[in-house]
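# Descriptive structure summary
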Amino acid sequence: GAGFGVLTWDWRGTGDSRPARLRGFPATMRDWATKDLAGAISWAEARAPAGAALLGVGHSFGGQAMGLAPNRDRLRALVTVAAQSGYFGHWPAPARYGYALLWHVGMPVLARAVGYFPAHRLGLGEDLPRGVALEWARWCRRPEYLGDWSGHAAFAAPLLTVGFDDDPIAPPRAVEALHVRYGSPDKRRRQVRAEELGVRRIGHFGFFRPTAEPLWREVVEWVEGQGLRD
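Presented here is an overview of the structure given in this document. (Residues numbered from 1 in each chain as written. Predicted model: local features only at pLDDT ≥ 70, side-chain atom pairs only at ≥ 80, totals over all residues. Heavy atoms only, no water.)

## Overview of a nonpolar patch on the surface
Taken together, the side chains of L7, W9 and W43 make up a nonpolar region of the molecular surface, amounting to roughly 280 Å² of accessible area. Among the secondary structure elements, W43 is positioned in helix α1 (residues 29-47). With relative accessibility at 42%, the residue W43 sits in the partly exposed group. (Patch = residues over 30% accessible without salt bridge, like charges linked within 9 Å, V, L, I, M, F, W, Y side chains within 5 Å. Areas by Shrake-Rupley, 256 points an atom, 1.4 Å probe, with all protein chains shown as cover. Salt bridge = Lys/Arg side-chain N within 4 Å of Asp/Glu carboxyl O. Helix = DSSP H or I, 4+ residues; strand = E, 2+ residues; numbered from the N terminus. Buried < 20%, exposed > 50% of the residue type's maximum accessible area, 1.4 Å probe, protein only.)

This is how it looks when you write it as structure tokens:
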């Protein structure tokens, strides 16, 4: 609606990229970043008009993945939305104890027993390939999370980080823990309260609802301020 060309995609093993049988499907979170995201960046670059700038907008893991993509340097700017470092210790009590149980026991045990993580049956979102679930759980058990942050540290394009005070999946401390990993010399952190939008709750997904349109305009203004409109 603001005049940008937009590319979205499904990570392998999810959405329309989910196979008929998820059990045994090979995929990891690192695959999502180094193969799927990298492929999307290459695809967009090959089809964009000459001279067009590529902008990344990453929600949750999407914001983490940008630093892992080998061709991240093709992005002229990055906006992360509710993107966080997933180490459970970044969550306030008592939520951190529930996440500790999920990452140490629930997810790895179920993923190994069932052959994939049946998140949908548990009311936790979309089912995940076994390798994705096991890697995610392993990362979230470690204070260093991804372990190798060198790609994030080398990221040099402008960065806008957007987080929400009432987000139970990306609380402010976890958002900050990812934000500081990016080496962008020009970066801005925007923490939003639901009251600013006149709504009762934003949560982890509220940015993508029409009630967040003022934030969309704010992001567009930030992008235009980076000289990326053309």
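Moving on, there is more to tell.
## Describing the pattern of salt bridges
Within the structure shown, the criterion is met by 13 salt bridges. Between K35 and D31 there is a salt bridge whose closest N-O contact spans 3.4 Å. In this pair, K35 and D31 are both assigned in helix α1, four residues apart and thus about one turn of the helix distant. For K35, a relative accessible area of 46% translates into the label partly exposed. As a salt-bridge pair, E196 and R190 come within 2.9 Å of each other at their nearest N and O atoms. Linked through salt bridges whose partners overlap, the residues forming this network are R188, R190, E196 and E218.

## Points about the packing of aromatic side chains
What the rule picks out here adds up to 14 aromatic pairs. Ring plane angle 20° and centroid distance 6.1 Å describe the contact between Y99 and W103, whose orientation is recorded as stacked. With Y99 and W103 both in helix α3 (residues 95-114), this residue pair falls four residues apart, about one helical turn. Given a relative accessible area of 4%, W103 falls into the buried group. A ring pair is formed by F207 and F208, whose centres lie 5.2 Å apart and whose planes are at 85°; its orientation type is edge-to-face. Grouping aromatic residues by their ring pairs yields a cluster made of W9, W11, W32, F61, W139, Y145 and W149. (Phe/Tyr/Trp six-rings, centres within 6.5 Å; stacked < 30°, edge-to-face > 60°.)

## Some details on empty space enclosed by the protein
A full pass over the atoms with the stated rule returns one cavity of 30 Å³ or more. Of the pockets and cavities examined, the largest cavity occupies roughly 40 Å³. What lines the largest cavity is simply L160, V162, R190, F207, L215, E218 and V219. For the lining of the largest cavity, the secondary-structure elements that each account for two or more residues are β5 (159-164) and α8 (213-225). Take the lining of the largest cavity: its biggest share by element is three residues, from α8. For the lining of the largest cavity, the class distribution of residues is five nonpolar, no polar and two charged. (1 Å grid on protein atoms, 1.4 Å probe; cavity = no way out; pocket = protein on both sides within 12 Å on 5 of 7 lines; lining within 4 Å. Points joined across faces, edges and corners; volume = space filled by probe spheres on them. Nonpolar A, V, L, I, M, F, W, Y, C, P; charged D, E, K, R; others polar.)

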